[in-house]
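# Structure at a glance
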Amino acid sequence: MNKFYVTTPIYYPSGKFHIGTAYTTVLADSMKRLHLLKGEDAYMLTGTDEHGQKIEEKAKEQGKTPQEYVDGMAAYAKDLWAKMKIDYDDFIRTTDERHVKVVQKIFDRFMEQGDIYKGEYEGWYCVPCESYFTETQLVDGKCPDCGREVKLMKEEAYFFNMKKYADRLLKYYEEHPDFIKPEFRKNEMINNFIKPGLEDLCVTRTTFDWGIKVLKDPKHVIYVWVDALTNYLTALGYGSDDDSLFKKYWPADLQIVGKDIARFHLIYWPIFLMALDLPLPKTILVHNWVTMKDGKMSKSKGNVIYPDDLVEKYGLDSVRYFLLREMPVTQDAIFSPESFVERYNFDLCNDLSNLLNRTVSMVNKYFEGNVPSYNGTPNDVDKELEEFCVQQIDAFEKKMENYEIANALQEIWTLISRTNKYIDETMPWSLAKEDNKEKLESVMYHLIENLRKIAILIKPFMNDTADNILRQIGIKDKELKTGDSLKQYDGLKDIKVIEKGEPIFMRLNPEEEVEYIKNLMKK
Ligand code: MSP
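Described below are features of the structure shown in this document. Residue indices begin from 1 for each chain and proceed along its sequence in written order. Since the coordinates come from a predicted model, pLDDT governs what is reported: local features require at least 70, and pairs of side-chain atoms require 80 or more to be given and counted, while whole-chain, interface and lining totals use all residues. Values shown for side chains rest on all heavy atoms present in the structure; no hydrogens or waters enter the calculation.

Another point: unusual backbone geometry. In the segment running from Lys181 into Pro182, the intervening peptide bond is cis, with an omega of -15 degrees. Helix and strand assignments follow DSSP, with helices taken as H or I runs no shorter than four residues and strands as E runs no shorter than two, numbered in order from the N terminus. Within the secondary structure, Pro182 sits in the loop between β7 (180-181) and α6 (183-194). The step from Trp250 to Pro251 runs through a cis peptide bond, and the omega angle for that step is 0 degrees. Within the secondary structure layout, Pro251 lies in the loop between α9 (244-249) and β11 (254-258).

Now the structure itself:
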């Protein structure tokens, strides 16, 4: 059986997770579900990144010990992911003993191999980003990642010899075109960081205490990124007494990260793996950001939206759909109350929900709920629909293979629109009046078949909605719910739709709901 190991970054528990942060995890969950649907052994990892100065400071602000603070935040994260039905297999916390011990071992090994050496560091440090920058990297004297103030700091520190691996990394990029998606991110790494000359990375700190200590020199705390990145290995038991999961799942098939942490995952992470003599992940997918009309989400701008607030009011699947559908490959997505309500009303209500409702009510009206069986010979209109369906499924698969998620969803919605148009073209109400039973049977059969396929296609992204559709159209047989059954057009027998289908999405009043969401943002 094929395996599929997918990871999200581990989250900084420095506050509530906004809608943008949920994107990575919703996407990873969808990818896991897609592979499960293909019958593969899919495994998903997420977790929390709990060390560092920022966390130490947050805990102090709240009058807690760092451990108390991160315990509360890890519980918050698990609760949020449960609300969003994130089907992870393991949740790693960097304060877990299983992680701490192995990070120390890895650090020791790097020292013994001569990859890590002792020196002195001076540079511009951004506390929130926990990153040092050189003078030239600063933008207007501020942090190039978050735009905040930086301070000049100097300390005795250990360094990782990145330069030693630069050529090997470039060669790896060249020989593995699937390693970085989308491709332009690779060029960014090469042109902005590797070609100008990779700096050795400072991998310890002495200015704070909340972190993993270097075993042989415990006044040094291991840099949070060395600690954090190795979670993808430690969670699988790498370097422990039981590394069976590691043997089974490593290398990762897909690691998903946001653009802000691309540099860490596309440069430092592969170099650490090379130094450990381990294979690299097959693909690292870098996605853009969810932003607001007026730029980045921030509490001070009063434009932050939290996923749980939206889920509570509009249901989980509309939020998952919006996030996945709105993120282009090369640009940021923009969240606005208007676009959320529009997607809800047009895509989910008008297109999907109506197709289901019209179909279920017609099968009830004309055939007492019994789906006619297939006569095996499609007429021209039906044949065109069948071919269109196959073509859309192919297009969907191609886009997914290339991780163009929003475009892949678009292909499903093109199929939904075409199926709605098929009702208008075939006019079942006229066929019933004319008593054209054979044609009417074929139309009903094709509508149910397309809805079944649409449900399977959306299942990884919107699991509950897909199950609801399959239930309403009477598909009970497991075999008819698999990815393998997608291209089959004549397998439905003895199917009965439910008597009265409830709408899966109800039209929203745009003015009222836009106002409601705006108020959520001000909250
Ligand atoms: N702790 C690090 C990751 C360490 S992985 C070894 C971290 N955590 S984070 O909580 O700040 O971010 C978690 C994820 O959310 C990252 O993939 C990040 O890129 C993503 N996003 C943060 N803001 C985002 C948006 N506005 N939009 C989309 N993704 C966003 O980084």
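The rule for a salt bridge is simple: a side-chain nitrogen of Lys or Arg has to be within 4 Å of a carboxyl oxygen of Asp or Glu. This structure, assessed with the given rule, holds 48 salt bridges. With its nearest N and O atoms 3.1 Å apart, the salt bridge here joins Glu188 to Arg185. Here the residue Glu188 and the residue Arg185 both occupy positions in helix α6, the gap between them amounting to three residues, near one helical turn. For every residue, the accessible area obtained with a 1.4 Å probe (protein chains only) is divided by the maximum for its type, and the residue is called buried under 20%, exposed over 50%, and partly exposed between those limits. In this structure Arg185 comes out as buried when scored by relative accessible area, which is 6%. In this structure, Asp332 and Lys259 form a salt bridge, with 3.0 Å as the shortest nitrogen-oxygen distance. Residue Asp332 is located in the loop between α12 (316-326) and β14 (333-335), and its partner Lys259 is located in the loop between β11 and α10 (262-275); the two are separated by 73 residues in the primary sequence. Each of Lys118, Glu156, Asp217 and Lys219 takes part in salt bridges that share partners, so that together they form one network.

One open sheet holds the six strands; their spatial order is β3-β2-β1-β11-β12-β7, and the pairing between them is parallel. The open sheet is flanked by β3 (90-93) and β7, the only strands paired with a single partner. When DSSP finds at least two bridges between two strands, those strands are taken to pair. Here five bridges tie β11 to strand β12 (residues 283-287), and the two strands are oriented parallel to one another. If you follow Leu254 over to β12, its bridge partner there is Thr283. A contact between two residues is defined here by any heavy atoms of the two lying within 4.5 Å. The axes used here are C-alpha line fits, helices contributing only the stretch in contact, and every angle between their N-to-C directions lies in the interval 0 to 180 degrees. Packing of helix α1 (residues 19-37) onto the sheet brings it into contact with β1 (3-7), β2 (41-48), β11 and β12, and relative to β2 it is tilted by some 165 degrees.

This part covers helix α14 (residues 380-401). Any helix carries an expected span of 1.5 Å times its number of residues minus one. Over its 22 residues, α14 runs 32 Å from end to end, which matches the ideal 32 Å to within 8%, given 1.5 Å per residue. Among the residues of α14, those classed as buried are Asp382, Leu385, Glu386, Phe388, Cys389, Gln392, Ile393, Ala395, Phe396 and Met400. Buried residues along α14 sit against α1, α15 (405-426) and α17 (437-458). Nitrogen and oxygen atoms within 3.5 Å of one another constitute a polar contact, given that in protein one can donate a hydrogen and the other can accept it, and given that sequence-neighbouring residues count only through two side-chain atoms. Its side-chain oxygen placed 3.1 Å from the backbone nitrogen of Val381, Asn379 serves as the N-cap of α14. Positioned one or two residues after α14, Tyr403 has a phi angle of 55 degrees, which is positive.

On to the site of the ligand, then. Distances are taken per atom, and a residue is near a molecule or strand as soon as one of its heavy atoms is within 4 Å of it. As a structural note, the neighbourhood of the ligand is formed by 23 residues, with Ile10, Asp49, Gly258, Asp260 and Val290 the closest of them. Note that a nitrogen atom of the ligand is positioned 2.8 Å from one of the backbone N or O atoms of Ile10. Within the backbone of Gly20, an N or O atom sits 3.1 Å from a nitrogen atom of the ligand. Residue exposure ignores everything except the shown protein chains as possible cover, and the areas themselves are Shrake-Rupley values with a 1.4 Å probe. When the ligand is considered free in solution it has 660 Å² of accessible area, and contact with the protein chains removes 94% of it. Elements with a contribution of two residues or more to the shell around the ligand: α1, α7 (224-229), α8 (231-234) and β11. We call Asp, Glu, Lys and Arg charged. Ala, Val, Leu, Ile, Met, Phe, Trp, Tyr, Cys and Pro are nonpolar, and the rest, Gly among them, are polar. Residue composition of the shell around the ligand, by class: twelve nonpolar, nine polar and two charged.

Stacked, tilted and edge-to-face pairs are distinguished by plane angle, under 30 degrees for stacked and over 60 for edge-to-face with tilted covering the rest, among Phe, Tyr and Trp rings (Trp via its six-membered ring) whose centres lie within 6.5 Å. Applying the stated criterion across every chain, the model contains 34 aromatic pairs. Pairing Phe107 with Tyr158 gives two aromatic rings, centres 6.2 Å apart and planes at 85 degrees, and the pair type is edge-to-face. Within this pair, whereas Phe107 is found in helix α4 (residues 97-113), its partner Tyr158 is found in strand β6 (residues 151-160), the two being separated by 51 residues in sequence. Judged by its relative accessible area of 2%, Phe107 falls in the buried class. With relative accessibility at 7%, the residue Tyr158 sits in the buried group. Where Phe110 meets Phe160, the ring centres are 5.2 Å apart and the plane angle is 85 degrees; that geometry is what we call edge-to-face. Taken together, the positions of Phe110 in helix α4 and Phe160 in strand β6 put the pair 50 residues apart, joining distant regions of the chain.

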